[in-house]
Amino acid sequence: MEKPEVRVRYAPSPTGLQHIGGVRTALFNYFFARANGGKFILRIEDTDRERYSDESLDDLYSTLEWLGVKWDEGPVVGGPYGPYVQSERTELYREYAKKLVESGHAYYCYCTPERLEELREKQTKEKKDFGYDRHCRNLTPEQEQAYKDAGIKPVIRLKIPLEGYTEFEDFLLGPMKKRNSDISPDPILLKSDGFPTYHLANVIDDHFMKITHILRAQEWVPSIPLHVQLYKAFGWEPPVYCHLPMVMGSDGQKLSKRHGSTSLRDFRAKGYLPEAILNYVSLIGWSYDDSREFFTRQELEELFCLEKLNKAPGVFDYKKLDWFNGQYIRKKTDAELTELLMPYLEKAGIVHTPMTPEEEEILTKAIPLAKERLKYLSDIPEVIGFLFKAPESYNTEELIPKKLDKERTLELLNVHAGMIPQFIELSEEAIEPVLRAKCDELGVKLGDFLMILRVAVTGTKISPPIVGSIKLLGAEETEKRIQKVINILKDEVTK
Ligand code: GLU
Ligand code: ZN
């Protein structure tokens, strides 16, 4: 028999910004579909109207677009099993919830919030876990009629079998089973306002959208027995479950805001490249082999497979992501990088479009130097701003190396002032031995010697290589800046 086409979905609830964990789920589904010639479906699970926000939905679309992830079926693009937005499918959920009542797998429950509250209090007193007491599971027709006459709007609850086990299997986690008496007693499928709960809508949609595999976060494992019971009640076959390895922070705790920002919006604003995020996030809980680290989107679209998921939790390490980002920045051509950096430079007021020919010239020369230094795109104003504008102030703590004092720093700045012609004329290789010899003669460390120069000329410790920077600035401007610092320090020393 021919294998059915792989059909997978990413089914976010638009109740918050897209974060690392969600994006990993989206990517794995997308890659899995691509690698198998299948379909990647986007479904919006927006039945929680209280927590829904337009902002989350916009953020979802713009994040996927930024990552270059396109869905084959879903909102905007449509498809044969739409609509792909749950709030547009409520009629279907109502119809199928009713069918379960008719087939005896579900029932109307008329319990008022007050009754449920009382029940909860009683159970708390008796130190029992809260669970619905199945009060309405076996109402007589007369009792039911009485509730109806009283105008109470019922919910629909699923009949979980009272005995036995629910057995199921997860591709990654293996076979599992749960005692039916441990499944939450008779979960609500349809709320009294006619809206479905997550469980009902999710199962119905996966069935009608012909989903073959469910790849999602492990936090959903506890829902599997209930979903399996729902599939049974409908007489449907559940898809293959594959719950993805957890995402942890470097301290081994589940990744959360405590570890730092996790929303893609923040990563984007800071100037991470989509290639870097996509590459690194794909390695959380998945690896191709023991050594390979670099993957483009296109490569993952071919290579991704479930067999290479790790059972152990994956770690999201901010430092490692930064490293990837630096690598991807260095892979860009100067022209590509310039285009990416312009918004940051403009926002900082360093250049203005259209640029003057002079600005353009400086920028063209600065980008190759900056490329080596950038961790994030947003670093750029700090890294090359000094080429466009002299520093206005100096941080003396940065200027004066730890083991040196003001007087000594002043002396060394005077040495630098005298060396300007050499900085300009000699090549970087040729100047190195000259600098070393000078440092030996003066009894100062090369690192300290150059840091004084760097801070004096650029106002920051993170500028591009200093000799190249001086060549770009020119002798006159460099001289002016060094003199300015000399004067400041002189004033302070003589005070
Ligand atoms: N709407 C659920 C979520 O926000 C979907 C879970 C699932 O994939 O079944 O994660
Ligand atoms: Zn009830």
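Above this text sits the structure in question.
Quick summary incoming for the structure in this document. (Residues numbered from 1 in each chain as written. Chains lettered and ligands numbered in written order. Predicted model: local features only at pLDDT ≥ 70, side-chain atom pairs only at ≥ 80, totals over all residues. Heavy atoms only, no water.)

**Details of the state of the cysteines**
This is how it is decided: Two cysteine sulfur atoms make up a disulfide if the distance between them is within 2.5 Å.
Following the criterion strictly, the structure yields zero disulfides and no others. For Cys305, which is in no disulfide, the shortest distance to another cysteine sulfur is to Cys242 and amounts to 11 Å.

**Brief notes about the site of ligand 1**
Under the convention used in this document: Near is defined per residue: the residue qualifies when any heavy atom it owns lies within 4 Å of the molecule or strand. The term polar contact refers here to a pair of N or O atoms within 3.5 Å; inside protein, the definition further demands a hydrogen-donor-capable atom paired with an acceptor-capable atom, and it admits residues adjacent in sequence only when both atoms are side-chain atoms. Gly counts as polar in this scheme, as do all residues outside two lists: the nonpolar Ala, Val, Leu, Ile, Met, Phe, Trp, Tyr, Cys and Pro, and the charged Asp, Glu, Lys and Arg.
In the vicinity of ligand 1, the contacting residues are Arg9, Ala11, Ser13, Glu45, Tyr198, Asn202, Arg216 and Trp220. The contact in question runs from an oxygen atom of ligand 1 to an N or O atom on the side chain of Arg9, over 2.6 Å. A distance of 2.6 Å separates a nitrogen atom of ligand 1 from a polar side-chain atom of Glu45. Here the shell around ligand 1 is composed, by residue class, of three nonpolar, two polar and three charged.

**Structural notes on the coordination of the zinc ion (ligand 2)**
Rules: Sites may look incomplete, because water is not among the atoms used; the donor set itself consists of N, O and S atoms within 2.8 Å of the metal (3.2 Å for Na, K and Ca). When four donors show all angles between 85 and 135 degrees the site is tetrahedral, when four or six donors have opposite pairs over 155 degrees and all other angles between 65 and 115 it is square planar or octahedral respectively, and in every other case it is irregular. Numbered from the N terminus, helices here are DSSP runs of H or I no shorter than four residues, and strands are runs of E no shorter than two. Any residue under 20% of the maximum accessible area for its type is buried, any over 50% is exposed, and the rest in between are partly exposed; the area is computed with a 1.4 Å probe on protein chains only.
Within the first shell, the zinc ion (ligand 2) binds the protein through Cys109 (SG), Cys111 (SG), Tyr132 (OH) and Cys136 (SG), at distances of 2.0 to 2.3 Å. Coordination at the zinc ion (ligand 2) comes from four donor atoms whose angles at the metal span 99 to 123 degrees, giving a geometry best classed as tetrahedral. Sequence spacing among the residues donating to the zinc ion (ligand 2) works out to C-x1-C-x20-Y-x3-C. Of the two residues, Cys111 is situated in the loop between strand 3 (106-109) and helix 4 (113-125) and Cys136 in the loop between helix 4 and helix 5 (141-149); the sequence distance between them amounts to 25 residues. Of the two residues, Cys111 and Cys136, both sit in the buried class.

**What about the side chain of Thr197?**
Formally: Whether two residues are in contact is decided by their heavy atoms: any pair within 4.5 Å suffices.
Turning to its location among the elements, Thr197 is positioned in the loop between strand 7 (188-190) and helix 6 (198-208). Residue Thr197 is classed as buried on the basis of its relative accessible area of 14%. Not counting residues up to four positions away in its chain, the partners in contact with Thr197 are Ile188, Leu189 and Lys191.

**Section: the sheet that holds strand 4 (residues 155-158)**
This is how it is decided: One bridge is not enough; two strands pair if DSSP finds at least two bridges between them. Axis geometry follows a simple rule: fit a line to the C-alpha atoms, using only the stretch in contact for helices, then measure angles between N-to-C directions, giving values from 0 to 180 degrees.
Strand order in this open sheet of three strands is 3-4-7, and the pairing throughout is antiparallel. Edge strands, defined here as strands with exactly one partner in the open sheet, are strand 3 and strand 7. Each adjacent strand pair in this sheet contributes to an overall mean axis angle of 45 degrees, direction not counted. The pairing of strand 3 with strand 4 spans four bridges and is antiparallel. When the sheet's bridge partners are listed, Ala106 is paired in strand 4 with Leu158.

**Let's talk about unusual backbone geometry**
Residues Gly82 and Pro83 are joined by a peptide bond in cis, for which omega reads -5 degrees. Mapping Pro83 onto the fold places it in the loop between helix 2 (54-67) and helix 3 (90-102). With phi around 60 degrees, Arg134 is a residue other than glycine that occupies positive phi space. Mapped onto the secondary structure, Arg134 falls in the loop between helix 4 and helix 5. Residue class for Arg134 comes out partly exposed when judged on its relative accessible area of 23%.

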